[in-house]
Amino acid sequence: TAATIDRFFNGQDLTGWRSTREEDAVLWSVENGEIVGRSTGLKHNAFLLSELSLANFRFTCEVQLKDNIGNSGIQLRSEPLPDGEVKGYQADIGPGWWGKLYEERGRGLLHDVEATVEPGAWTKYEIVAVGNRVRTFVNDVASVDRIDPAAARQGLLAFQLHSGGPTEVRFRNLKLELLDPLPPHAANGSVPGTFPTSTGEAIAGDKITWHKTQLDDRFRSEGVCIADFNNDGQLDIAAGSQWYQFRSTHDSVNADSQEQNQQRPLTSTNLIVGPNEFDPKVYSDSFMNYAEDLDHDGDLDLIVVDFPGKQTWWFENELGSRTKNLDPQSSVLDGGAALWPRHEITSITSNESPQYLDINGDGRRELLCGVGGNHMAYLSPQTHPAAMWKIHPISYPGAPGTERFSHGLGVGDLNGDGRNDVLITGGWWEAPPAGTDPTQQWVFHEHKFGPACSQMYVYDFDGDGDNDVLSASAHDFGIW
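The rules behind the values
Residues numbered from 1 in each chain as written. Predicted model: local features only at pLDDT ≥ 70, side-chain atom pairs only at ≥ 80, totals over all residues. Heavy atoms only, no water. Helix = DSSP H or I, 4+ residues; strand = E, 2+ residues; numbered from the N terminus. Buried < 20%, exposed > 50% of the residue type's maximum accessible area, 1.4 Å probe, protein only. Areas by Shrake-Rupley, 256 points an atom, 1.4 Å probe, with all protein chains shown as cover. Polar contact = N/O pair within 3.5 Å; in protein donor to acceptor, adjacent residues only side chain to side chain. Phe/Tyr/Trp six-rings, centres within 6.5 Å; stacked < 30°, edge-to-face > 60°. Lys NZ or Arg CZ within 6 Å of the ring centre and 35° of its normal. Pairing = 2+ DSSP bridges. Axes fitted to C-alpha atoms, helices over the stretch in contact; angles between N-to-C directions.

(A) Spatial organisation of the overall build of the chain. A tally of helices and strands in the chain yields two helices and 33 strands. By residue count, 49% of the 480 residues in the chain fall in the buried class. Carbon and sulfur atoms form 50% of the exposed surface of the chain, whose accessible area is close to 22,900 Å².

(B) Geometry of the side chain of Arg365. Mapped onto the secondary structure, Arg365 falls in the loop between strand E24 (350-357) and strand E25 (366-371). Looking at Arg365, the relative accessible area reads 12%, which means it is buried. A polar atom in the side chain of Arg365 sits 2.6 Å from the backbone oxygen of Ala291. Among the polar contacts made by the side chain of Arg365, one reaches the side chain of Glu292 at a distance of 3.1 Å.

(C) View of the packing of aromatic side chains. Applying the stated rule across the entire model yields 18 aromatic pairs. Here Phe59 and Phe159 contribute two aromatic rings whose centre-to-centre distance is 6.4 Å and whose plane-to-plane angle is 45°, an arrangement assigned as tilted. With a gap of 100 residues between them, Phe59 in strand E5 (residues 57-65) and Phe159 in strand E13 (residues 155-161) connect regions that are remote in the sequence. On the basis of relative accessibility, which here comes to 0%, the residue Phe159 falls in the buried class. On the basis of an interplanar angle of 55° and a centroid distance of 6.0 Å, the ring pair of Phe229 and Trp243 is categorised as tilted. Taken as a pair, Phe229 in the loop between strand E15 (225-227) and strand E16 (236-239) and Trp243 in strand E17 (residues 242-246) lie far apart in primary sequence, 14 residues in all. As far as burial versus exposure is concerned, Phe229 and Trp243 are alike and both buried. The aromatic ring of Trp122 is capped on one face by Arg172, whose charged end is 3.9 Å from the ring centroid. The cationic tip of Arg342 hangs over the ring face of Trp313; the distance from NZ or CZ to the ring centre is 3.5 Å.

(D) Representation of the pairing of strand E3 (residues 34-39) within the structure. With five of six residues buried, E3 lies mostly within the body of the structure. Where strand E2 (residues 28-31) and E3 come together, four bridges link them in antiparallel fashion. Counterpart to Trp28 in the pairing with E3 is Gly37. Where E2 hands over to E3, the hairpin turn is made up of two residues, of which Asn32 adopts a positive phi near 55°. Pairing analysis gives five bridges linking E3 to strand E14 (residues 167-178), with the strands arranged antiparallel. Its bridge partner lying in E14, Arg38 is registered against Glu168.

(E) How the structure looks around the sheet that holds E24. Spatial ordering of the open sheet is given by E24-E25-E26-E27, a layout of four strands whose pairing is antiparallel. Edge positions in the open sheet fall to E24 and strand E27 (390-393), since each of these has one partner strand only. In this sheet, neighbouring strand axes are inclined to one another by 30° on average, regardless of whether the strands run parallel or antiparallel. In this sheet, E27 lies alongside strand E26 (residues 375-380) in antiparallel orientation, the contact comprising four bridges. Residue pairing across strands places Ala377 opposite Pro393, the latter belonging to E27.

(F) Focus on the sheet that holds strand E19 (residues 288-292). Read across the open sheet, the four strands follow the order E19-E20-E21-E23; overall the sheet is antiparallel. For this open sheet the edge positions go to E19 and strand E23 (342-346), each flanked by a neighbour on one side alone. Strand-to-strand, the axes of this sheet are offset by a mean angle of 25°, without reference to chain direction. One ladder, built from five bridges, connects E19 with strand E20 (residues 301-305); its direction is antiparallel.

Here it is in structure tokens:
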């Protein structure tokens, strides 16, 4: 996590690292800020493990194999075994093996193309792992680009000394960056019901400048969402029937300047035949967009709330539906133009401000909206991802805020009991204690929160210990 990443490597000793066998500890040391593995010959593989478990990350280092003799590797998303060996992906190091991908104690050699290096010189290695996709770069040249639903998606990072003759390998300039394919507020385990909040500091000076990037010249969607849909470590943008991919050339991955990032080209990809476009004077069929891995295959799918009163759909991202090695030299995901299968979540989604938040504190987000019979309800996925979602009504039929074009809907703890309540412009439903009969209606408290509005945000804005409510006018001017 962000709180523990500083413990990865302190540059002075092996605090936070351990060998898989007690007798192998003497093989590893730190010299001049470099992790050194040195053996006079081994009958078994020796490993040095980081104690941090990693899921989505970018790791870079420089490695030197003395005299280009012997064999080593960087284990990723791996697990130690009782016999001292390690199971998982390995980015290989050594003559005849540089840049190859091998699965220790698994399927063996997975990528059999050797990278070009200067023997005995320092070689830059970069590993980007997001979801079911792993990419490696050797001296900034793409080497491996593999989508593999069967591979582990979390585990330890380790260095290897291979069995055999004398070997000395050095690793320096270790850098670890955590990648999040979803904005942090949407991550599993976040505080239930929370929205993103700014963590930045004030900007010096009296002027803030902005750069505008045009994604399209057609009106396609009322709403968008931001997520990494192709697991390349870059956040993309989805808009209803189309998504816009930030091209993941290695130059853009490592771009240091703001100007370089601003000028990165975008590639649009259709989700359906078309894609849809609309007259800007009317409405679209895509009011809200959310990203979530609904089929648990390691890539993010797209939830689209249609026009008010109509369906909510999810589009199945088939990036991870099968194992494949991609062309590592291509900056655009080949095959991304394939259409995404569409599944229905619910037949009616009323209120123009539906929410997708963790309402009941179970670690997964639910869809909050008006449903058939004008019930206020939240909906949750069922065991089979293609099944329509289960409806959990919280109100009586004909409840306020559940009409097709109702405005104003929010989630948050209004009474300080630690549970998420549901609010509309005319009042709020109080969440019952845990263990309450799930068919029981929530108690409604009338209160005037203001005129028709958009989403309603619950937050302690004045710092007095109780939550406040923020919203903005639906079709007029004003924020309150």
